[in-house]
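Chain residues, written in single-letter form:
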Amino acid sequence: MAGPAFRAAAVRVRVPATSANLGPGFDAFGLALGLYDDVVVRVADSGLHVDIAGEGADSLSRDENHLVVRSLRTAFDALGGQPRGLEVVCANRIPHGRGLGSSSAAICAGIMAARAVTIGGQDRLDDAALLELANEIEGHPDNVAACLLGGFTLAWTEGGAAHAVRMDPCASVVPVVFVPDRPVLTETARGLLPRSVPHVDAAANAGRAALLVEALTRRPDLLLPATEDRLHQEYRATAMPESTALVNRLRGEGVPAVISGAGPTVLALADEGTADKVSRLAGEGWAANRLALDAAGASVLPLAVGQ
């Protein structure tokens, strides 16, 4: 295959925040949320220029170590070759280290932008290959599947390859996220998980995960029992005691609430009639945000689209 040619014009990619696990669906379920990062990429004559605004502007690298740039490079290799230079502008709104899929958003933005700026990129890297590439970079497919596809996703690996099924969540579901100031590293949260769990807990989670598919897509009245978990949340409680306490308090009030991904953000699945009340239940120390469900997933948009 001959090396790729690149578009002269810049491309803009918008990627949603995501919440993984959703309680019982550990490393499998993902939900795309209406909170977005935007990345603009242009092929330049030489060099690398990275500009960052918003989340991470004071801490993220502006060189080849930036996750968007690393993802761009990986995707360009898969597409057949690197451009001479790159200009990358990131407008970040997804909090970092909070369990809302910021790394998956960066990965998906990079690979989507690389494909979009490559002439014939869709033929060289189709959607299935895009998911596989994102999974290879991230190491697990739950967040990247929801980020790429939007909606409610069930992801798995088979024979080393990533796969995903996309479903439409009930339009009546209103996500409310409670974001604390303090981050928790995913590696820290994963390190607290045991190598094995009791069979009775595994069986309980299997049943609840199956119920969650029905609850989130057709029967939101079942979300409270469907979001029960015995596999990971309690084991991680020592790393995020305030988040665990908030989940327990919300669930005690009848609100379906879970740790979002590896935490420490708490996700509540409310409805139009209760979302505003639910958003006030956390009290001080939390940034409560009522969000929309995202149906589109990662998208290439015109440069003039509003923020």
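Our subject is the structure listed above.
Along each chain, residues carry numbers from 1 onward, in the same order as the chain's sequence is written. Totals for whole chains, interfaces and linings use every residue, but because this is a predicted model, local features are given only for residues with pLDDT of at least 70 and side-chain atom pairs only at 80 or more, for both listing and counting. Side-chain figures throughout are based on the complete set of non-hydrogen atoms in the structure, without hydrogens or water.

**Comments concerning the nonpolar core**
Side chains of nonpolar character tend, in soluble globular proteins, to be buried together. As used here, the term nonpolar core means buried Ala, Val, Leu, Ile, Met, Phe, Trp, Tyr and Cys residues forming a set that is joined through side-chain atoms within 4.5 Å. Buried means the residue's accessible area, taken with a 1.4 Å probe over protein chains only, is under 20% of the maximum for its type, while exposed means over 50%, and partly exposed covers the values in between. One finds Val-15, Leu-22, Val-41, Leu-72, Val-88, Leu-148 and Leu-216 to be the most contacted residues of the largest nonpolar core, which totals 67 residues. Per the convention used, a helix needs a DSSP run of H or I reaching at least four residues, while a strand needs a run of E reaching at least two, with both numbered from the N terminus. Counting residues per element, this core draws most heavily on helix α2 (residues 102–117), at 11 residues. In what follows, a contact means two residues having at least one pair of non-hydrogen atoms within 4.5 Å. When residues no more than four places from it in sequence are discounted, the contact partners of Val-15 are Leu-35, Tyr-36, Asp-37, Ile-94, Ala-105, Cys-108, Ala-109, Cys-147 and Ala-298. Counting residues in hydrophobic clusters, the runner-up holds 21 residues, among them Val-184, Leu-250, Ala-262 and Ala-270.

**Quick notes on the packing of aromatic side chains**
Between two aromatic rings, the relevant description is the distance of the centres plus the angle of the planes. Any two rings among Phe, Tyr and Trp, with Trp reduced to its six-membered ring, count as a pair given centres within 6.5 Å; such a pair is stacked if its planes are under 30 degrees apart, edge-to-face if over 60, and tilted if neither. All told, the structure shown has 2 aromatic pairs when counted by the stated rule. Aromatic pair Phe-29 and Phe-152: ring centres 5.2 Å apart, planes at 70°, arrangement edge-to-face. Taken together, the positions of Phe-29 in strand β2 (residues 25–44) and Phe-152 in strand β5 (residues 152–158) put the pair 123 residues apart, joining distant regions of the chain. Accessibility expressed as a relative area gives 0% for Phe-152, which makes it buried. Lying across the ring of Tyr-36, Arg-14 places its NZ or CZ 5.6 Å from the centre. By the criterion adopted, a ring carries a charge over it if an Arg CZ or a Lys NZ lies within 6 Å of its centre and within 35 degrees of its normal.

**Comments concerning the side chain of Ser-102**
Following the sequence through the fold, Ser-102 ends up in helix α2. By relative accessible area, which is 17% here, Ser-102 ends up buried. Setting aside residues up to four positions removed in sequence, Ser-102 forms contacts with Ile-94, Pro-95, His-96 and Gly-97.

**Some words on helix α1 (residues 67–79)**
For α1, which comprises 13 residues, the first-to-last C-alpha distance of 18 Å matches the rise-based estimate of 18 Å (1.5 Å per residue) to within 8%. Turning to α1, its buried residues number three or more, namely Leu-67, Val-68, Val-69, Ser-71, Leu-72, Arg-73, Ala-75, Phe-76 and Leu-79. The inward-facing, buried residues of α1 contact β2, β3 (47–54), β4 (85–92), α2, α3 (121–124) and α4 (127–138). Where α1 ends, the next residue or the one after it, Gly-80, has phi of about 115°, a positive value. Multiply 1.5 Å by the residue count of a helix minus one, and that product is the helix's expected span.

**A look at the packing of α2 against helix α5 (residues 142–149)**
Fitting a line to C-alpha atoms yields each axis, with helices limited to the stretch in contact; the angle taken between N-to-C directions then spans 0 to 180 degrees. Taken N-terminus to C-terminus, the directions of α2 and α5 make an angle of 50°; their axes are 9 Å apart at the nearest point. Here α5 runs oblique to α2, going by the angle between their axes. Considering how the two elements wind past one another, α2 and α5 form a crossing that is right-handed. Every residue of α5 that contacts α2 at Ser-104, Ala-105, Cys-108 and Met-112 is listed here: Asn-143, Val-144, Cys-147 and Leu-148. Under the scheme applied, nonpolar residues are Ala, Val, Leu, Ile, Met, Phe, Trp, Tyr, Cys and Pro; charged residues are Asp, Glu, Lys and Arg; polar residues are all the others, including Gly. When the residues that make up the contact of α2 with α5 are grouped by side-chain class, the tally is 6 nonpolar, 2 polar and no charged. Put simply, angles under 35 degrees are roughly parallel, angles over 145 are roughly antiparallel, angles from 65 to 115 are roughly perpendicular, and the rest are oblique. Definitions for this section: a left-handed crossing has its near helix turned counterclockwise from the far helix by less than a right angle. A right-handed crossing has that turn clockwise.

**Quick notes on the environment of Arg-115**
Its place among the elements puts Arg-115 in helix α2. Considered as a pair, Arg-115 and Ala-209 are 94 residues apart in the sequence and their alpha carbons are 34 Å apart. Apart from residues no more than four positions distant in its own chain, Arg-115 is found in contact with Leu-79, Gly-121, Gln-122, Leu-125, Asp-126, Asp-127 and Leu-130.

**Section: α4**
With 12 residues, α4 extends 16 Å between its outermost C-alpha atoms, agreeing within 8% with the 16 Å of an ideal straight helix rising 1.5 Å per residue. Considered for burial, the residues of α4 that qualify are Leu-130, Leu-131, Glu-132, Leu-133, Ala-134, Asn-135 and Glu-138. Along its buried surface, α4 packs onto α1, α2, α5, β5 and β6 (161–167). Two or three places before Ala-128, at the opening of α4, Asp-126 has a side-chain oxygen 3.3 Å from that residue's backbone nitrogen. The first or second residue beyond α4 is Gly-139, which carries a positive phi of 100°. Nitrogen and oxygen atoms within 3.5 Å of one another constitute a polar contact, given that in protein one can donate a hydrogen and the other can accept it, and given that sequence-neighbouring residues count only through two side-chain atoms.

**Section: the pairing of β4**
For β2 and β4, the ladder comprises 7 bridges, and the chain directions are antiparallel. Of the residues in β4, the one forming a bridge with Asp-38 is Ala-91. Relative to β4, β3 is paired through 8 bridges, and the arrangement is parallel. Paired with Ala-53 across the two strands is Ala-91, which belongs to β4. Strand pairing requires that DSSP identify at least two bridges connecting the strands.

**Remarks on the state of the cysteines**
Cysteine sulfur atoms are paired as a disulfide whenever they come within 2.5 Å of each other. Under the criterion given, the structure shown has 0 disulfides. Take Cys-90: it sits in no disulfide, and the sulfur closest to it among the cysteines is that of Cys-147, at 13 Å. Note on Cys-90: relative accessible area 1%, which makes it buried.

**Some details on unusual backbone geometry**
In this structure, Pro-264 follows Gly-263 across a cis peptide bond, with omega equal to 5°. Mapping Pro-264 onto the fold places it in the loop between β8 (257–259) and β9 (266–271). The residue Asn-21 is not glycine, and still its phi comes out positive at about 80°. Take Asn-21: it is sitting in strand β1 (residues 11–21). Not every positive phi belongs to a glycine, and Leu-22 is a case in point at roughly 60°. Mapped onto the elements, Leu-22 comes out in the loop between β1 and β2. Residue Leu-22 is classed as buried on the basis of its relative accessible area, which comes to 2%.

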